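Okay, here's what each chain looks like letter by letter:
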Amino acid sequence: MRFARLVWVVTVKDLRAELRTKEAINASLGFALVILILFSFAFERSIEGVREISGGLLWIVFAFAGTLILNRSFARELPNDCLDALIAAPIPGSALFLGKAFANFVLVLAVELVSLPIFGIFYNVQWTQQLPELMLVLLLGTWGLTVIGTIFSALTVNIRLREVMLPMLTYPIMVPALLGAMQLTSALVAGTPIGPDTSSWLKMLIGFDLIYTAVSLVLVETVLVG
Amino acid sequence: MRDKILYGIGAIALAIIVRNLLVMTTLPEEAQQGAIFKIIFFHVPVAMTAMMCAAAALIASVLFLITRNFKYDSLAVSVTEVGLAFLAANLVTGSIWGRVIWGVWWVWDARLTSALICWLLYAGYLMLRHAIEEPTQRATFAAVFSIFAFIDVPIVFFSIKWWRTQHPQPVFWGGGSFPPDWFAVFMWNWLAMVLLGILLTAVRLRQENAQREIDSLRRMAHAL
(Lines give C-alpha, C1' and ligand atoms only; values in the text may rest on other atoms or scores of the structure.)
Protein backbone atom coordinates (compact mmCIF):
# COMPACT_ATOMS: atom_id res chain seq x y z
CA MET A 1 0.00 0.00 0.00
CA ARG A 2 2.80 2.33 0.95
CA PHE A 3 4.61 1.32 -2.25
CA ALA A 4 1.60 2.33 -4.37
CA ARG A 5 1.51 5.69 -2.59
CA LEU A 6 5.19 6.31 -3.30
CA VAL A 7 4.70 5.46 -6.97
CA TRP A 8 1.74 7.84 -7.06
CA VAL A 9 3.74 10.66 -5.47
CA VAL A 10 6.54 10.34 -8.05
CA THR A 11 4.06 10.15 -10.92
CA VAL A 12 2.18 13.24 -9.79
CA LYS A 13 5.42 15.12 -9.19
CA ASP A 14 6.67 14.37 -12.71
CA LEU A 15 3.34 15.21 -14.35
CA ARG A 16 3.06 18.45 -12.41
CA ALA A 17 6.59 19.51 -13.35
CA GLU A 18 5.92 18.70 -16.99
CA LEU A 19 2.53 20.41 -17.16
CA ARG A 20 3.94 23.57 -15.59
CA THR A 21 6.87 23.88 -18.00
CA LYS A 22 5.47 21.87 -20.95
CA GLU A 23 9.01 21.64 -22.29
CA ALA A 24 8.96 17.98 -23.41
CA ILE A 25 5.34 17.59 -24.40
CA ASN A 26 5.24 20.64 -26.66
CA ALA A 27 8.44 19.60 -28.41
CA SER A 28 7.13 16.07 -28.76
CA LEU A 29 3.78 17.16 -30.20
CA GLY A 30 5.43 19.51 -32.66
CA PHE A 31 7.83 16.80 -33.70
CA ALA A 32 5.00 14.29 -34.22
CA LEU A 33 3.23 16.80 -36.45
CA VAL A 34 6.38 17.41 -38.51
CA ILE A 35 6.97 13.68 -39.09
CA LEU A 36 3.30 13.15 -40.02
CA ILE A 37 3.63 15.87 -42.65
CA LEU A 38 6.99 14.53 -43.91
CA PHE A 39 5.51 11.07 -44.40
CA SER A 40 2.93 12.49 -46.78
CA PHE A 41 5.77 13.26 -49.20
CA ALA A 42 7.31 9.83 -48.78
CA PHE A 43 4.32 7.65 -49.61
CA GLU A 44 1.53 7.30 -52.11
CA ARG A 45 -1.58 8.78 -50.48
CA SER A 46 -4.28 6.59 -52.00
CA ILE A 47 -6.72 5.37 -49.33
CA GLU A 48 -5.72 1.73 -49.79
CA GLY A 49 -2.02 2.55 -49.63
CA VAL A 50 -2.33 4.61 -46.46
CA ARG A 51 -4.35 1.88 -44.74
CA GLU A 52 -1.65 -0.65 -45.46
CA ILE A 53 1.16 1.46 -44.02
CA SER A 54 -0.88 3.17 -41.29
CA GLY A 55 0.46 0.96 -38.49
CA GLY A 56 4.07 1.48 -39.49
CA LEU A 57 3.62 5.19 -40.02
CA LEU A 58 1.85 5.79 -36.72
CA TRP A 59 4.24 3.76 -34.58
CA ILE A 60 7.32 5.36 -36.12
CA VAL A 61 5.79 8.74 -35.27
CA PHE A 62 5.01 7.53 -31.72
CA ALA A 63 8.49 6.07 -31.22
CA PHE A 64 10.25 9.21 -32.47
CA ALA A 65 8.05 11.65 -30.60
CA GLY A 66 8.06 9.46 -27.48
CA THR A 67 11.86 9.49 -27.35
CA LEU A 68 11.81 13.26 -26.82
CA ILE A 69 9.65 12.81 -23.72
CA LEU A 70 11.62 9.82 -22.44
CA ASN A 71 14.90 11.64 -22.92
CA ARG A 72 13.77 14.38 -20.56
CA SER A 73 12.45 11.98 -17.93
CA PHE A 74 15.69 11.63 -15.98
CA ALA A 75 17.58 14.50 -17.62
CA ARG A 76 15.08 16.87 -15.99
CA GLU A 77 16.43 15.83 -12.58
CA LEU A 78 20.04 16.78 -13.36
CA PRO A 79 19.95 20.54 -12.60
CA ASN A 80 20.36 21.32 -8.89
CA ASP A 81 21.34 17.65 -8.31
CA CYS A 82 17.69 16.61 -8.02
CA LEU A 83 18.58 13.12 -9.22
CA ASP A 84 20.94 12.59 -6.29
CA ALA A 85 18.22 13.79 -3.94
CA LEU A 86 15.73 11.37 -5.47
CA ILE A 87 18.16 8.47 -5.17
CA ALA A 88 18.95 9.42 -1.59
CA ALA A 89 15.25 9.71 -0.72
CA PRO A 90 13.90 6.87 1.45
CA ILE A 91 11.97 5.21 -1.37
CA PRO A 92 12.83 2.00 -3.23
CA GLY A 93 14.32 2.40 -6.71
CA SER A 94 11.50 0.34 -8.16
CA ALA A 95 8.93 2.87 -6.86
CA LEU A 96 10.89 5.73 -8.41
CA PHE A 97 11.12 3.82 -11.68
CA LEU A 98 7.43 2.89 -11.78
CA GLY A 99 6.38 6.42 -10.88
CA LYS A 100 8.46 7.88 -13.67
CA ALA A 101 7.29 5.19 -16.09
CA PHE A 102 3.62 5.96 -15.34
CA ALA A 103 4.19 9.69 -15.83
CA ASN A 104 5.97 9.05 -19.14
CA PHE A 105 3.20 6.67 -20.14
CA VAL A 106 0.55 9.35 -19.62
CA LEU A 107 2.57 11.95 -21.56
CA VAL A 108 3.41 9.68 -24.51
CA LEU A 109 -0.19 8.46 -24.63
CA ALA A 110 -1.40 12.08 -24.70
CA VAL A 111 0.84 12.82 -27.70
CA GLU A 112 -0.49 9.70 -29.42
CA LEU A 113 -4.11 10.59 -28.78
CA VAL A 114 -3.56 14.00 -30.34
CA SER A 115 -1.62 12.56 -33.29
CA LEU A 116 -4.29 9.97 -34.17
CA PRO A 117 -7.07 12.37 -35.24
CA ILE A 118 -4.51 14.55 -37.04
CA PHE A 119 -3.41 11.44 -38.93
CA GLY A 120 -7.07 10.68 -39.73
CA ILE A 121 -7.66 14.16 -41.09
CA PHE A 122 -4.44 14.52 -43.10
CA TYR A 123 -4.57 11.07 -44.65
CA ASN A 124 -8.36 10.83 -44.96
CA VAL A 125 -8.56 7.60 -42.95
CA GLN A 126 -11.52 6.37 -40.88
CA TRP A 127 -9.39 5.14 -37.98
CA THR A 128 -12.24 4.77 -35.44
CA GLN A 129 -13.82 1.62 -36.87
CA GLN A 130 -12.34 -0.67 -34.20
CA LEU A 131 -11.81 1.95 -31.51
CA PRO A 132 -11.80 -0.17 -28.29
CA GLU A 133 -9.35 -2.71 -29.71
CA LEU A 134 -7.18 0.05 -31.16
CA MET A 135 -7.05 1.68 -27.72
CA LEU A 136 -5.99 -1.64 -26.19
CA VAL A 137 -3.13 -1.95 -28.69
CA LEU A 138 -2.21 1.67 -28.06
CA LEU A 139 -2.04 1.09 -24.30
CA LEU A 140 0.02 -2.11 -24.57
CA GLY A 141 2.40 -0.78 -27.22
CA THR A 142 2.92 2.49 -25.39
CA TRP A 143 3.68 0.70 -22.13
CA GLY A 144 6.31 -1.36 -23.96
CA LEU A 145 7.95 1.78 -25.34
CA THR A 146 7.68 3.57 -22.02
CA VAL A 147 9.14 0.87 -19.82
CA ILE A 148 12.18 0.39 -22.10
CA GLY A 149 12.51 4.14 -22.60
CA THR A 150 12.36 4.91 -18.87
CA ILE A 151 14.97 2.39 -17.77
CA PHE A 152 17.29 3.48 -20.58
CA SER A 153 16.64 7.12 -19.76
CA ALA A 154 18.04 6.34 -16.31
CA LEU A 155 20.93 4.43 -17.86
CA THR A 156 21.95 7.16 -20.30
CA VAL A 157 21.27 10.21 -18.12
CA ASN A 158 24.89 10.76 -17.12
CA ILE A 159 26.71 9.73 -20.26
CA ARG A 160 28.10 11.62 -23.22
CA LEU A 161 25.86 12.00 -26.30
CA ARG A 162 22.77 11.17 -24.26
CA GLU A 163 20.31 12.34 -26.92
CA VAL A 164 21.88 10.06 -29.53
CA MET A 165 22.51 7.06 -27.33
CA LEU A 166 18.93 6.70 -26.07
CA PRO A 167 17.27 5.98 -29.45
CA MET A 168 20.35 4.09 -30.64
CA LEU A 169 20.04 1.67 -27.71
CA THR A 170 16.27 1.49 -27.31
CA TYR A 171 14.95 1.10 -30.86
CA PRO A 172 16.59 -2.29 -31.53
CA ILE A 173 15.26 -3.57 -28.19
CA MET A 174 11.79 -2.23 -28.96
CA VAL A 175 11.62 -4.04 -32.31
CA PRO A 176 9.28 -6.85 -31.19
CA ALA A 177 6.87 -4.40 -29.51
CA LEU A 178 6.91 -2.00 -32.47
CA LEU A 179 6.46 -4.83 -34.96
CA GLY A 180 3.50 -6.28 -33.08
CA ALA A 181 1.88 -2.89 -32.55
CA MET A 182 2.38 -1.98 -36.22
CA GLN A 183 0.78 -5.21 -37.47
CA LEU A 184 -2.20 -4.88 -35.13
CA THR A 185 -2.69 -1.17 -35.81
CA SER A 186 -2.64 -1.61 -39.60
CA ALA A 187 -5.31 -4.32 -39.35
CA LEU A 188 -7.48 -2.35 -36.90
CA VAL A 189 -7.30 0.91 -38.87
CA ALA A 190 -8.37 -1.04 -41.96
CA GLY A 191 -11.41 -2.20 -39.95
CA THR A 192 -10.41 -5.83 -39.34
CA PRO A 193 -10.97 -6.86 -35.70
CA ILE A 194 -8.33 -8.90 -33.87
CA GLY A 195 -8.80 -12.45 -35.12
CA PRO A 196 -6.99 -15.78 -34.94
CA ASP A 197 -4.24 -14.59 -37.29
CA THR A 198 -3.47 -11.41 -35.35
CA SER A 199 -4.14 -12.55 -31.78
CA SER A 200 -0.62 -14.00 -31.47
CA TRP A 201 0.71 -10.44 -31.91
CA LEU A 202 -1.44 -9.32 -29.00
CA LYS A 203 -0.05 -12.11 -26.83
CA MET A 204 3.48 -11.19 -27.88
CA LEU A 205 2.85 -7.56 -26.96
CA ILE A 206 1.56 -8.55 -23.51
CA GLY A 207 4.52 -10.90 -23.03
CA PHE A 208 6.99 -8.17 -24.04
CA ASP A 209 5.43 -5.73 -21.57
CA LEU A 210 5.45 -8.23 -18.70
CA ILE A 211 9.01 -9.47 -19.29
CA TYR A 212 10.57 -6.04 -19.58
CA THR A 213 8.60 -4.55 -16.70
CA ALA A 214 9.87 -7.39 -14.50
CA VAL A 215 13.49 -7.17 -15.72
CA SER A 216 13.51 -3.37 -15.32
CA LEU A 217 12.15 -3.57 -11.78
CA VAL A 218 14.88 -6.05 -10.86
CA LEU A 219 17.71 -4.04 -12.45
CA VAL A 220 16.65 -0.45 -11.75
CA GLU A 221 18.34 -0.32 -8.34
CA THR A 222 21.63 -1.34 -9.98
CA VAL A 223 21.22 1.34 -12.65
CA LEU A 224 20.39 4.14 -10.20
CA VAL A 225 22.82 3.39 -7.40
CA GLY A 226 25.54 1.86 -9.59
CA MET B 1 53.32 -20.50 -20.34
CA ARG B 2 50.01 -18.83 -21.26
CA ASP B 3 51.54 -17.69 -24.54
CA LYS B 4 52.37 -21.25 -25.44
CA ILE B 5 48.81 -22.39 -24.74
CA LEU B 6 47.44 -19.63 -26.97
CA TYR B 7 49.87 -20.45 -29.78
CA GLY B 8 48.86 -24.10 -29.39
CA ILE B 9 45.14 -23.30 -29.68
CA GLY B 10 45.80 -21.16 -32.74
CA ALA B 11 47.90 -23.87 -34.40
CA ILE B 12 45.22 -26.52 -33.76
CA ALA B 13 42.48 -24.26 -35.17
CA LEU B 14 44.55 -23.50 -38.24
CA ALA B 15 45.38 -27.18 -38.80
CA ILE B 16 41.70 -28.15 -38.56
CA ILE B 17 40.64 -25.42 -40.99
CA VAL B 18 43.31 -26.41 -43.54
CA ARG B 19 42.33 -30.06 -43.24
CA ASN B 20 38.63 -29.20 -43.62
CA LEU B 21 39.27 -27.08 -46.70
CA LEU B 22 41.06 -30.03 -48.30
CA VAL B 23 38.24 -32.41 -47.40
CA MET B 24 35.63 -29.95 -48.68
CA THR B 25 37.17 -29.89 -52.15
CA THR B 26 36.81 -33.69 -52.35
CA LEU B 27 33.14 -33.68 -51.37
CA PRO B 28 30.68 -33.81 -54.29
CA GLU B 29 28.63 -30.72 -55.16
CA GLU B 30 25.15 -30.50 -53.72
CA ALA B 31 22.50 -31.64 -56.26
CA GLN B 32 20.43 -28.44 -56.49
CA GLN B 33 22.66 -25.62 -55.28
CA GLY B 34 26.09 -26.66 -56.54
CA ALA B 35 29.36 -25.52 -55.01
CA ILE B 36 27.90 -22.51 -53.15
CA PHE B 37 26.13 -24.87 -50.75
CA LYS B 38 29.49 -25.59 -49.12
CA ILE B 39 29.42 -22.11 -47.61
CA ILE B 40 27.20 -23.73 -44.97
CA PHE B 41 30.38 -25.23 -43.49
CA PHE B 42 31.33 -21.71 -42.40
CA HIS B 43 27.97 -19.95 -42.27
CA VAL B 44 26.39 -22.13 -39.58
CA PRO B 45 29.47 -22.78 -37.36
CA VAL B 46 30.22 -19.04 -37.08
CA ALA B 47 26.56 -18.44 -36.16
CA MET B 48 26.71 -21.08 -33.44
CA THR B 49 30.01 -19.65 -32.16
CA ALA B 50 28.44 -16.17 -32.08
CA MET B 51 25.55 -17.56 -30.01
CA MET B 52 28.01 -19.13 -27.59
CA CYS B 53 29.75 -15.76 -27.30
CA ALA B 54 26.43 -14.05 -26.51
CA ALA B 55 25.71 -16.63 -23.80
CA ALA B 56 29.22 -16.18 -22.37
CA ALA B 57 28.73 -12.40 -22.38
CA LEU B 58 25.47 -12.80 -20.44
CA ILE B 59 27.09 -15.06 -17.84
CA ALA B 60 30.08 -12.72 -17.47
CA SER B 61 27.75 -9.70 -17.12
CA VAL B 62 25.62 -11.36 -14.44
CA LEU B 63 28.76 -12.49 -12.60
CA PHE B 64 30.08 -8.93 -12.69
CA LEU B 65 26.85 -7.55 -11.21
CA ILE B 66 27.01 -10.15 -8.43
CA THR B 67 30.73 -10.05 -7.59
CA ARG B 68 31.74 -6.57 -8.87
CA ASN B 69 34.99 -8.17 -9.99
CA PHE B 70 36.37 -6.35 -13.01
CA LYS B 71 37.82 -9.48 -14.56
CA TYR B 72 34.25 -10.46 -15.50
CA ASP B 73 33.72 -7.07 -17.10
CA SER B 74 36.87 -7.55 -19.18
CA LEU B 75 35.65 -10.99 -20.19
CA ALA B 76 32.22 -9.61 -21.14
CA VAL B 77 33.58 -6.92 -23.43
CA SER B 78 36.16 -9.26 -25.02
CA VAL B 79 33.69 -12.02 -25.74
CA THR B 80 31.09 -9.54 -27.05
CA GLU B 81 33.54 -8.06 -29.52
CA VAL B 82 34.58 -11.49 -30.75
CA GLY B 83 30.94 -12.61 -31.01
CA LEU B 84 30.13 -9.49 -33.00
CA ALA B 85 32.90 -10.36 -35.47
CA PHE B 86 31.56 -13.91 -35.82
CA LEU B 87 28.03 -12.64 -36.32
CA ALA B 88 29.31 -10.27 -38.99
CA ALA B 89 30.99 -13.24 -40.70
CA ASN B 90 27.67 -15.08 -40.50
CA LEU B 91 25.80 -12.18 -42.11
CA VAL B 92 28.40 -11.77 -44.86
CA THR B 93 28.55 -15.47 -45.79
CA GLY B 94 24.76 -15.64 -45.74
CA SER B 95 24.55 -12.61 -47.97
CA ILE B 96 26.94 -14.18 -50.50
CA TRP B 97 24.88 -17.36 -50.51
CA GLY B 98 21.68 -15.35 -50.95
CA ARG B 99 23.12 -13.48 -53.94
CA VAL B 100 23.82 -16.78 -55.72
CA ILE B 101 20.66 -18.70 -54.79
CA TRP B 102 18.02 -15.99 -54.31
CA GLY B 103 19.58 -13.47 -56.70
CA VAL B 104 19.61 -10.72 -54.06
CA TRP B 105 22.09 -9.78 -51.34
CA TRP B 106 19.45 -9.26 -48.72
CA VAL B 107 15.82 -10.16 -47.96
CA TRP B 108 13.86 -9.07 -44.89
CA ASP B 109 13.44 -12.63 -43.73
CA ALA B 110 13.04 -13.69 -40.11
CA ARG B 111 16.51 -15.09 -39.52
CA LEU B 112 18.31 -12.40 -41.47
CA THR B 113 16.42 -9.59 -39.77
CA SER B 114 16.80 -11.01 -36.28
CA ALA B 115 20.53 -11.65 -36.83
CA LEU B 116 20.95 -8.06 -38.00
CA ILE B 117 19.05 -6.67 -35.00
CA CYS B 118 21.13 -8.88 -32.73
CA TRP B 119 24.25 -7.41 -34.34
CA LEU B 120 22.90 -3.88 -33.81
CA LEU B 121 22.15 -4.62 -30.14
CA TYR B 122 25.67 -5.80 -29.41
CA ALA B 123 27.16 -2.96 -31.47
CA GLY B 124 25.07 -0.68 -29.20
CA TYR B 125 26.69 -2.40 -26.22
CA LEU B 126 30.14 -1.37 -27.47
CA MET B 127 28.96 2.16 -28.23
CA LEU B 128 27.50 2.46 -24.75
CA ARG B 129 30.87 1.47 -23.28
CA HIS B 130 32.59 4.10 -25.37
CA ALA B 131 30.26 6.81 -24.08
CA ILE B 132 30.99 6.22 -20.36
CA GLU B 133 34.26 7.35 -18.81
CA GLU B 134 34.03 6.12 -15.24
CA PRO B 135 35.11 2.41 -15.11
CA THR B 136 32.66 1.18 -12.45
CA GLN B 137 29.71 2.91 -14.04
CA ARG B 138 30.75 1.69 -17.47
CA ALA B 139 30.99 -1.90 -16.33
CA THR B 140 27.66 -1.78 -14.46
CA PHE B 141 25.65 -0.14 -17.23
CA ALA B 142 27.20 -2.35 -19.90
CA ALA B 143 26.31 -5.45 -17.87
CA VAL B 144 22.70 -4.27 -17.50
CA PHE B 145 22.48 -3.58 -21.22
CA SER B 146 23.95 -6.99 -22.03
CA ILE B 147 21.19 -8.65 -20.00
CA PHE B 148 18.51 -6.62 -21.82
CA ALA B 149 20.05 -7.47 -25.21
CA PHE B 150 20.25 -11.18 -24.46
CA ILE B 151 16.61 -11.37 -23.37
CA ASP B 152 15.59 -9.50 -26.51
CA VAL B 153 17.19 -11.91 -28.99
CA PRO B 154 14.66 -14.78 -28.68
CA ILE B 155 11.69 -12.36 -28.59
CA VAL B 156 12.96 -10.63 -31.72
CA PHE B 157 13.51 -13.99 -33.38
CA PHE B 158 10.03 -15.36 -32.73
CA SER B 159 8.23 -12.11 -33.48
CA ILE B 160 9.95 -11.75 -36.83
CA LYS B 161 9.38 -15.42 -37.56
CA TRP B 162 5.62 -14.76 -37.44
CA TRP B 163 6.18 -11.79 -39.67
CA ARG B 164 7.79 -13.59 -42.61
CA THR B 165 10.20 -16.40 -43.32
CA GLN B 166 12.13 -17.22 -46.44
CA HIS B 167 15.35 -18.64 -44.99
CA PRO B 168 15.83 -22.39 -45.63
CA GLN B 169 14.79 -24.55 -42.70
CA PRO B 170 17.75 -25.58 -40.54
CA VAL B 171 19.48 -28.68 -41.85
CA PHE B 172 19.76 -30.34 -38.45
CA TRP B 173 16.67 -29.64 -36.41
CA GLY B 174 14.36 -28.58 -39.24
CA GLY B 175 13.84 -31.98 -40.87
CA GLY B 176 16.72 -31.80 -43.34
CA SER B 177 19.47 -34.37 -43.50
CA PHE B 178 23.22 -34.28 -43.99
CA PRO B 179 25.36 -37.24 -45.13
CA PRO B 180 27.67 -38.48 -42.34
CA ASP B 181 30.92 -37.37 -44.00
CA TRP B 182 29.50 -33.87 -44.53
CA PHE B 183 28.36 -33.82 -40.92
CA ALA B 184 31.87 -34.70 -39.76
CA VAL B 185 33.42 -31.78 -41.68
CA PHE B 186 30.73 -29.51 -40.33
CA MET B 187 31.42 -30.46 -36.71
CA TRP B 188 35.19 -30.17 -37.19
CA ASN B 189 34.70 -26.71 -38.60
CA TRP B 190 32.57 -25.75 -35.63
CA LEU B 191 35.36 -26.91 -33.31
CA ALA B 192 37.85 -24.83 -35.32
CA MET B 193 35.62 -21.74 -35.04
CA VAL B 194 35.16 -22.21 -31.29
CA LEU B 195 38.93 -22.54 -30.83
CA LEU B 196 39.43 -19.44 -32.94
CA GLY B 197 36.85 -17.64 -30.77
CA ILE B 198 38.64 -18.69 -27.58
CA LEU B 199 41.97 -17.54 -29.00
CA LEU B 200 40.65 -14.14 -30.06
CA THR B 201 38.87 -13.65 -26.74
CA ALA B 202 42.05 -14.49 -24.83
CA VAL B 203 44.08 -12.02 -26.87
CA ARG B 204 41.46 -9.30 -26.46
CA LEU B 205 41.17 -10.07 -22.74
CA ARG B 206 44.88 -9.58 -22.28
CA GLN B 207 44.66 -6.25 -24.11
CA GLU B 208 41.73 -5.18 -21.92
CA ASN B 209 43.61 -6.05 -18.74
CA ALA B 210 46.68 -4.16 -19.92
CA GLN B 211 44.49 -1.15 -20.71
CA ARG B 212 43.00 -1.29 -17.22
CA GLU B 213 46.44 -1.42 -15.66
CA ILE B 214 47.64 1.54 -17.75
CA ASP B 215 44.56 3.51 -16.71
CA SER B 216 45.13 2.83 -13.03
CA LEU B 217 48.85 3.72 -13.31
CA ARG B 218 47.90 6.94 -15.06
CA ARG B 219 45.44 7.80 -12.29
CA MET B 220 48.11 7.07 -9.70
CA ALA B 221 50.56 9.35 -11.55
CA HIS B 222 47.94 12.09 -11.60
CA ALA B 223 47.33 11.68 -7.87
CA LEU B 224 51.03 12.06 -7.19
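Rules behind the numbers
Along each chain, residues carry numbers from 1 onward, in the same order as the chain's sequence is written. The order in which chains are written sets their letters, starting at A; the order in which ligands are written sets their numbers, starting at 1. Selection of residues for local features in this predicted model requires a pLDDT of at least 70, selection of side-chain atom pairs for listing and counting requires 80 or more, and totals for whole chains, interfaces and linings are taken over all residues. Only hydrogens and water are set aside when side-chain values are computed; all heavy atoms of the structure are taken into account. What counts as a helix is a DSSP run of H or I of at least four residues, what counts as a strand is a run of E of at least two, and both are numbered from the N terminus. For the radius of gyration, the atoms used are the C-alpha atoms, and the globule rule reads 2.2 Å times the number of residues raised to 0.38. Only protein chains enter the accessibility calculation, which uses a 1.4 Å probe. A residue is then buried if its area is under 20% of the maximum for its type, exposed if over 50%, and partly exposed in between. Here, two residues are considered to be in contact whenever any of their heavy atoms come within 4.5 Å of each other. Positive residues here are Lys and Arg, negative ones are Asp and Glu, while His and the chain termini are left out of the count. Lysine's charge is taken at NZ, arginine's at CZ, aspartate's at CG and glutamate's at CD. Summed over both partners, buried area is the accessible surface (1.4 Å probe) that two parts give up on being assembled. For this document, the term salt bridge refers to a Lys or Arg side-chain nitrogen within 4 Å of an Asp or Glu carboxyl oxygen. Under this definition, polar contacts are N or O atom pairs within 3.5 Å; protein pairs additionally need one hydrogen-donor-capable and one acceptor-capable atom, and for neighbouring residues in sequence, both atoms have to be side-chain atoms. Lys, Arg, Asp and Glu make up the charged group, whereas Ala, Val, Leu, Ile, Met, Phe, Trp, Tyr, Cys and Pro make up the nonpolar group; the residues left over, Gly among them, are polar. How sure the predictor is of each residue is captured by pLDDT, a score from 0 to 100. The convention used is that axes are lines fitted to C-alpha atoms, helices contributing only their stretch in contact, and that angles between N-to-C directions extend from 0 to 180 degrees. Working rule for angles: under 35 degrees goes down as roughly parallel, over 145 as roughly antiparallel, 65 to 115 as roughly perpendicular, anything else as oblique. Crossing handedness is defined as follows: a turn of the near helix away from the far one that is anticlockwise and smaller than a right angle gives a left-handed crossing, while the clockwise case is right-handed. Patch membership is restricted to residues that have no salt bridge and whose relative accessible area is over 30%. Joining uses 9 Å for like charges and 5 Å for the nonpolar side chains Val, Leu, Ile, Met, Phe, Trp and Tyr. Shrake-Rupley sampling with a 1.4 Å probe provides the accessible areas, and residues are treated as covered by the protein chains on show and by no other component. Helix span, expected: 1.5 Å multiplied by one less than the number of residues in the helix. Note that bend, as reported per residue, equals the angle between axes fitted to the 7 residues terminating at that residue and the 7 residues originating from it. Working definition: rings of Phe, Tyr and Trp (its six-membered ring) pair if their centres are within 6.5 Å, and the pair is stacked with planes under 30 degrees apart, edge-to-face with planes over 60 apart, and tilted otherwise. The criterion is that NZ of a Lys, or CZ of an Arg, lies within 6 Å of the ring centre and within 35 degrees of the ring normal, and then a charge sits over that ring. Joining through side-chain atoms within 4.5 Å is the link that ties buried Ala, Val, Leu, Ile, Met, Phe, Trp, Tyr and Cys residues into a set, and such a set is a nonpolar core.

Peer 1: Go over the overall build of chain A, please, and point to the residues and values.
Peer 2: Within chain A, the secondary structure is distributed over 8 helices and 0 strands. Helices and strands appear in chain A in the N-to-C order α-α-α-α-α-α-α-α. Here the C-alpha atoms of chain A give a radius of gyration of 18 Å, agreeing with the 17 Å that 2.2 N^0.38 yields for 226 residues. Each of the three principal axes of chain A carries a C-alpha extent, and together these read 55 × 35 × 30 Å. When burial is assessed residue by residue, chain A has 56% of its 226 residues classed as buried. Residue pairs in contact within chain A that sit at least 24 positions apart in sequence constitute 83% of those at least 6 positions apart. Here chain A holds 14 positive side-chain charges and 15 negative ones, and the gap between their average locations is 9 Å.

Peer 1: Run through the interface of chain B and chain A, naming residues and quoting values.
Peer 2: Listed by partner, the interface residues are 28 residues for chain B and 28 residues for chain A. Here chain B packs against chain A, burying approximately 2,600 Å² in sum over the two surfaces, 81% of which is carbon and sulfur. Taken together, chain B and chain A are joined by 1 salt bridge. Counting across the interface, chain B meets chain A through 5 residue pairs in polar contact (both at pLDDT 80 or more). Taken together, the elements giving at least two residues each to the side of chain B that touches chain A come down to α4 (110-131) and α5 (135-163) of chain B. Tallying contributions element by element places α5(B) first for the side of chain B that touches chain A, with 16 residues. Among the residues making up the side of chain B that touches chain A, the classes are represented as 20 nonpolar, 5 polar and 3 charged.

Peer 1: Give me the lowdown on the pattern of salt bridges, citing residues and values where you can.
Peer 2: Summed over all chains, the structure comprises 17 salt bridges over all chains. K13(A) serves as the salt-bridge partner of E77(A), at 2.8 Å between the closest nitrogen and oxygen. Of this pair, E77(A) sits in the loop between α3 (47-75) and α4 (82-88) while K13(A) sits in helix α1 (residues 2-21); the two residues are 64 residues apart in sequence, bridging distant segments of the chain. What makes K13(A) partly exposed here is its relative accessible area of 29%. Across the pair R129(B) and D73(B) runs a salt bridge, and its minimum N-O distance is 3.0 Å. On the criterion of sequence distance, the pair formed by R129(B) in helix α4 and D73(B) in helix α3 (residues 70-101) is long-range, its members being 56 residues apart. Like D73(B), R129(B) is buried. When salt bridges with common partners are traced through the structure, they connect K13(A), D14(A), E18(A), E23(A), R72(A), R76(A), E77(A) and K100(A) into a single cluster.

Peer 1: So what's going on with the confidence of the model for chain B? Which residues, and what values?
Peer 2: All names here are of chain B. Across chain B, pLDDT averages 85, with 90% of residues at or above 70. When the elements of chain B are averaged for pLDDT, α5 gives the smallest value, 85, and α3 the largest, 92. Both scores are given for the predicted complex: the pTM is 0.86, the ipTM 0.86.

Peer 1: How would you summarise the packing of helix α7 (residues 162-189) of chain A against helix α8 (residues 199-225) of chain A if you had to cite specific residues and measurements?
Peer 2: Residues and elements named next belong to chain A. Remark: α7 packs on α8, axes separated minimally by 9 Å, with the N-to-C direction vectors making an angle of 150°. Taken together, the axes of α7 and α8 lie roughly antiparallel to each other. For the pair α7 and α8, the sense of crossing is left-handed. Contacts between α7 and α8 involve I173, M174, P176, A177, L179, G180, A181, Q183 and L184 from the former and W201, L202, M204, L205, F208 and Y212 from the latter.

Peer 1: Provide a residue-level description of the packing of helix α5 (residues 93-123) of chain A against α8(A), including the pertinent values.
Peer 2: Residues and elements named next belong to chain A. α8 packs onto α5 with a crossing angle of 110° between their chain directions and a minimal axis gap of 8 Å. In terms of orientation, α5 lies roughly perpendicular with respect to α8. Within the contact between the two elements, α5 uses G93, S94, L96, F97 and L98 and α8 uses S216, L217, V220, E221 and L224. Across the contact of α5 with α8, the residue classes tally to 6 nonpolar, 3 polar and 1 charged.

Peer 1: I'd like to hear about a nonpolar patch on the surface, residue by residue, with values.
Peer 2: All names here are of chain A. A contiguous nonpolar surface patch, about 720 Å² in accessible area, is contributed by L33, V34, I37, L38, F41, I121 and F122. For the nonpolar patch, the secondary structure elements donating two or more residues are α2 (23-42) and α5. Examining the composition of the nonpolar patch, we find that 5 residues originate from one element, α2, more than from any other. With respect to the element layout, L33 can be found in helix α2.

Peer 1: Provide a residue-level description of α7(A), including the pertinent values.
Peer 2: At 3.6 residues per turn, the α-helix brings residues three or four places apart onto the same side. Residue and element names in this part refer to chain A. Over its 28 residues, α7 extends only 35 Å from the first C-alpha to the last, a length that falls short of the 40 Å expected when each residue adds 1.5 Å. In the structure, α7 departs most strongly from a straight axis at V175, where the bend amounts to approximately 55° and where the proline P176 lies between one and four residues downstream. Of all 28 residues that make up α7, 23 are buried, and the element is covered over most of its length. Count one or two residues on from α7 and you reach G191, which has phi positive near 100°.

Peer 1: Give a detailed account of the packing of aromatic side chains, specifying residues and quantitative values.
Peer 2: Aromatic ring pairs are reported here in terms of the distance separating the ring centres and the angle at which the planes meet. Residue and element names in this part refer to chain A. All told, the structure shown has 12 aromatic pairs over all chains when counted by the stated rule. Between F64 and Y171, the ring centres sit 5.8 Å apart and the planes meet at 25°, which makes this aromatic pair stacked. Taken together, the residues span a long stretch of sequence, with F64 in helix α3 and Y171 in helix α7 at a distance of 107 residues. The ring of F74 carries the charged tip of K100 above its face, separated from the ring centre by 5.1 Å.

Peer 1: So what's going on with the side chain of E112(A)? Residues and values would help.
Peer 2: Residues and elements named next belong to chain A. Its place among the elements puts E112 in helix α5. For the buried E112, which has no salt bridge, the nearest side chain bearing the opposite charge is R76, at an N-O separation of 16 Å. Residues contacting E112, with those up to four places away along its chain left out, are W59, F62, L138 and T142.

Peer 1: If you had to explain the nonpolar core to someone new, which residues and values would you point to?
Peer 2: By size, the foremost hydrophobic cluster in this structure holds 124 residues, and its most contacted members are W59(A), I148(A), F152(A), L128(B), F145(B) and F148(B). Sequence-distant contacts of F148(B), defined by excluding residues within four places in its chain, comprise I148(A), I151(A), F152(A), I173(A), Y212(A), V215(A), S216(A) and L219(A). Formed by 9 residues, the second largest nonpolar core is a distinct cluster that contains L27(B), I40(B), F41(B) and V185(B).

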